[in-house]
Amino acid sequence: MMHTEPQTAVSIVGRGAVQAGRLVREWYAELDGAAERGAPAAYVFVMGSLVELLRSFELPVVFPEINSLQTAVRRVEAEFLAQAEDSGYSPDICGYVKADVAVQLRGGAHPMGRIPKPAIAVLTNACNTYLKWGEIWERMYKTPVFAIDVPSARSANERAPGAAGLARDRRYVEAQLRELITACERISGRAFDIDRLREVLRLTNEMTASWRRVLALNAAAPAPFNAVVDGTAYLGVMNALRGTEAGCAYFRDLEEELAYKVEHGIGALAGERFRLIFVGVPCYPIFRRFHEFFADRGGTFVSSSYLWFASGGADTGFEYDLRHPIESLAEGVLLGVRRATDAMLFQDRLLIGAADEFHADGIVYHPVKSCRTVSTGLAGSRRAVMQARDLNCLYIESDMMDRRVVSEAQLKNRIDAYFEGLESRRLRTDSGAPRPEESPCAIPLA
């Protein structure tokens with residue numbers, strides 16, 4: 001008995017990070033093989049990817065957003081961005097787009113392997129950049145671009161299950177999916193197999209159920225994982241391996257690991273002092289250093305809006321009805337894209353709920369130069385959250401791709417000042433002194 005628990009801890013703790021890296025490398029190796037064979041591939045985006053339908057046709061699935069962020073994480077994004085800009089793309093354009101353009105100009109060459117060319121591009125209107133991005137592939141390769149028009153909710157009531165408006169919008173999306181099925185049959189040379197779709201949807205149901213339980217485990221103190229660093233790795237597996245046996249096995253193991261850590265009081269950060277929520281897209285050019293700015297001061301990110309809007313609706317609790325797979329897939333896309341839009345543009349209510357659930361001490365807003373969509377309205381959201389909850393909120397700007405607009409010194413100064421405010425508040429709370437009506441970090445933006 002003396003040796004059992006240490007051996008268990010060694011085999012479980014940290015397993016999720018190792019397995020995530022391995023699975024993503026294997027996924028890229030499969031894409032590299034598809035490129036070598038000249039196999040037709042489907043290009044999709046994380047918000048409304050429809051990967052389940054594409055997997056039913058055995059099409060390799062490429063996520064250009066993931067490809068682009070990988071160039072930044074691996075510190076080679078500058079040469080990719082420069083090549084796109086030298087080809088005429090403006091510095092103001094989304095960094096993800098420019099990095100992908102460079103990948104295409106290089107014949108698919110990427111730090112993780114060769115990326116196959118698109119035989120079809122499938123996108124939704126969740127992001128205003130998606131359609132213009134698809135047009136680039138259309139010009140380069142004559143790729144057919146299939147855009148799913150997902151109606152936005154006209155009122156809060158339309159988001160409720162069973163609402164008349166929801167049923168009407170589901171039928172509208174379903175009609176478009178049936179057109180997409182015909183296009184996929186033509187491109188893949190395969191007949192649509194509804195039983196194969198059912199199987200993929202079943203696996204997605206298992207993965208998304210695990211995903212929700214994984215997110216919920218971070219309500220424990222100390223939090224078993226960091227929602228920015230670890231959560232982004234988990235998110236990569238959720239998207240790349242969605243609807244696969246390997247994805248299901250990964251999240252079963254991850255649940256086991258995190259539950260073990262909660263049971264034994266093992267936190268993502270030793271000496272967790274402050275529980276934070278992250279809003280926006282991570283700063284990938286200095287991904288590890290950005291994390292250290294907070295971790296060195298005892299700050300752990302226990303939740304993140306990124307894990308909501310970039311998870312393809314996995315956090316909503318929606319479960320596909322396998323008796324009616326096409327109709328249910330349409331409803332899942334509809335609800336998932338609406339959730340993504342809410343999490344990007346109308347996140348104040350979601351953040352207030354998360355602050356309560358995860359016992360947050362503060363919220364960090366991170367608007368980025370590259371993405372106007374995800375950065376829109378963050379200042380207003382910050383004000384709304386501070387009016388509803390007594391939280392310290394930090395507003396820092398950088399980018400998710402372009403190191404030229406990332407100032408480490410400025411970020412560190414702002415973050416250090418933020419923690420001084422958190423420490424001051426903690427001291428006042430511990431001493432029983434009354435709090436001032438407004439903290440220095442809560443001054444409204446000009």
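Computed from a prediction, not measured in an experiment: that's the story for all the values here.

Caption draft 1: Spotlight on the sheet that holds strand E7 (residues 362-366). Spatial ordering of the open sheet is given by E6-E5-E7-E8, a layout of four strands whose pairing is parallel. For this open sheet the edge positions go to strand E6 (299-304) and strand E8 (392-395), each flanked by a neighbour on one side alone. Taking the axes of each pair of neighbouring strands and ignoring which way they run, one obtains an average angle of 30 degrees across the sheet. Bridge count between E7 and E8: four bridges; the pairing is parallel. Paired with valine 364 across the two strands is leucine 394, which belongs to E8. Set on the sheet, helix H12 (residues 287-295) makes contact with strand E5 (274-280), E6, E7 and E8; between it and E6 the angle comes to about 115 degrees. On the sheet, helix H15 (residues 348-357) packs against E5, E6 and E7 and is oriented at approximately 160 degrees with respect to E5.

Caption draft 2: Examining the nonpolar core more closely. If you look at the biggest cluster of nonpolar residues, it comprises 141 residues, and the most contacted ones within it are Tyr96, Phe251, Phe294 and Phe309. The dominant element in this core, judged by the number of residues it contributes, is helix H14 (residues 325-345), at 10 residues. Excluding residues within four positions of it along the chain, tyrosine 96 makes contact with Glu65, Ser68, Leu69, Trp133, Val281, Tyr284, Tyr306, Met400 and Met401.

Caption draft 3: Summary view of the side chain of asparagine 239. In this structure, asparagine 239 sits in helix H10 (residues 229-240). Since its relative accessible area comes to 3%, asparagine 239 is described here as buried. Side-chain polar atoms of asparagine 239 contact the backbone oxygen of alanine 310, separated by 3.0 Å. Not counting the four nearest positions on each side in its chain, asparagine 239 is found in contact with Val46, Arg55, Phe63, Ile66, Ala310 and Ser311.

Caption draft 4: Representation of unusual backbone geometry. In the segment running from alanine 221 into proline 222, the intervening peptide bond is cis, with an omega of 0 degrees. Within the secondary structure, proline 222 is located in the loop between helix H9 (194-217) and H10. For histidine 359, which is not a glycine, the phi torsion comes out positive at approximately 55 degrees. Inspection of the secondary structure assignment puts histidine 359 in the loop between H15 and E7.

Caption draft 5: Fine view of the packing of H15 against helix H17 (residues 378-388). Contact geometry of H15 with H17 gives a least axis separation of 9 Å together with a crossing angle of 40 degrees. Our classification of the angle between H15 and H17 gives oblique. Crossing of H15 against H17: the hand is right-handed. Along the contact surface, H15 presents Asp348, Leu351 and Ile352, while H17 presents Ser381, Ala384, Val385 and Ala388.

Caption draft 6: Expanded view of the sheet that holds strand E1 (residues 41-43). Here we have four strands laid out as an open sheet, ordered E2-E1-E3-E4, and parallel in their pairing. Looking at strand neighbours, the two that pair on one side only are strand E2 (61-62) and strand E4 (145-148), the edges of this open sheet. Direction of pairing for strand E3 (residues 118-124) relative to E4: parallel, over a ladder of four bridges. Opposite leucine 123, over in E4, you have alanine 147 as the bridge partner. Packed on one face of the sheet, helix H8 (residues 164-188) meets E3 and E4 and runs near 165 degrees to E4.

Caption draft 7: Structural context of H8. The terminal C-alpha atoms of H8, which comprises 25 residues, lie 36 Å apart, in line with the 36 Å expected from a rise of 1.5 Å per residue. Of the residues trailing H8, glycine 189 is marked for its positive phi of about 75 degrees.

Caption draft 8: Region of the structure containing the confidence of the model for the protein chain. For the protein chain, per-residue confidence averages 91 on the pLDDT scale, and 92% of positions sit at 70 or higher. For residues 1-7, every residue scores under 50 in pLDDT, and the model assigns this stretch two contacts once sequence neighbours within four places are set aside. Across residues 436-446, confidence stays below pLDDT 50; counting only partners more than four residues off in sequence or on other chains, it has 17 contacts.

Caption draft 9: Local environment of helix H7 (residues 130-141). Look at H7: 17 Å from first C-alpha to last across 12 residues, which is about the 16 Å you get at 1.5 Å a residue. Of the positions making up H7, those classed as buried are Tyr130, Trp133, Gly134, Ile136 and Trp137. One side of H7 holds all its buried residues, which, seen down the axis, span an arc of 145 degrees. Contacts from the buried residues of H7 go to E1, helix H4 (64-73), helix H6 (95-105), E3 and E4. Lysine 142 sits one or two positions beyond H7 and adopts a positive phi of about 60 degrees.

Conventions used here
- Counting starts from 1 at the beginning of each chain's written sequence and moves along it residue by residue.
- Restriction of local features to residues with pLDDT of at least 70 applies here, the model being predicted, together with a cutoff of 80 or more for giving and counting side-chain atom pairs; totals for whole chains, interfaces and linings are based on all residues.
- Side-chain metrics rest on all non-hydrogen atoms present in the structure, leaving aside hydrogens and water.
- Pairing between two strands requires that DSSP report at least two bridges joining them.
- In this text, helices come from DSSP runs of H or I with a minimum length of four residues, and strands from runs of E with a minimum of two, each type numbered from the N-terminal end.
- Orientation is described by lines fitted to C-alpha atoms, with helices fitted over the stretch in contact, and by angles between N-to-C directions that extend from 0 to 180 degrees.
- Residue contacts are counted whenever heavy atoms from the two residues lie within 4.5 Å of one another.
- By nonpolar core we mean a set of buried residues, namely Ala, Val, Leu, Ile, Met, Phe, Trp, Tyr and Cys, connected to one another through side-chain atoms within 4.5 Å.
- When a residue's accessible area, from a 1.4 Å probe over protein chains only, is under 20% of the maximum for its type it is buried; when over 50% it is exposed; and in between it is partly exposed.
- Whenever a nitrogen or oxygen atom comes within 3.5 Å of another N or O atom, the pair is scored as a polar contact, on the condition that within protein one atom can donate a hydrogen and the other can accept it, and that pairs from neighbouring residues in sequence are kept only if both atoms are in side chains.
- Each angle gets one of four labels, with under 35 degrees taken as roughly parallel, over 145 as roughly antiparallel, 65 to 115 as roughly perpendicular, and the rest as oblique.
- Working rule for handedness: look at the near helix, and if it is turned counterclockwise from the far one by less than a right angle, call the crossing left-handed; if clockwise, right-handed.
- Helix span is expected to be 1.5 Å times the residue number reduced by one.
- Scored between 0 and 100, pLDDT is the confidence that the predictor attaches to each residue.
- Throughout, the arc means that of the directions going from the helix axis to the C-beta atoms.

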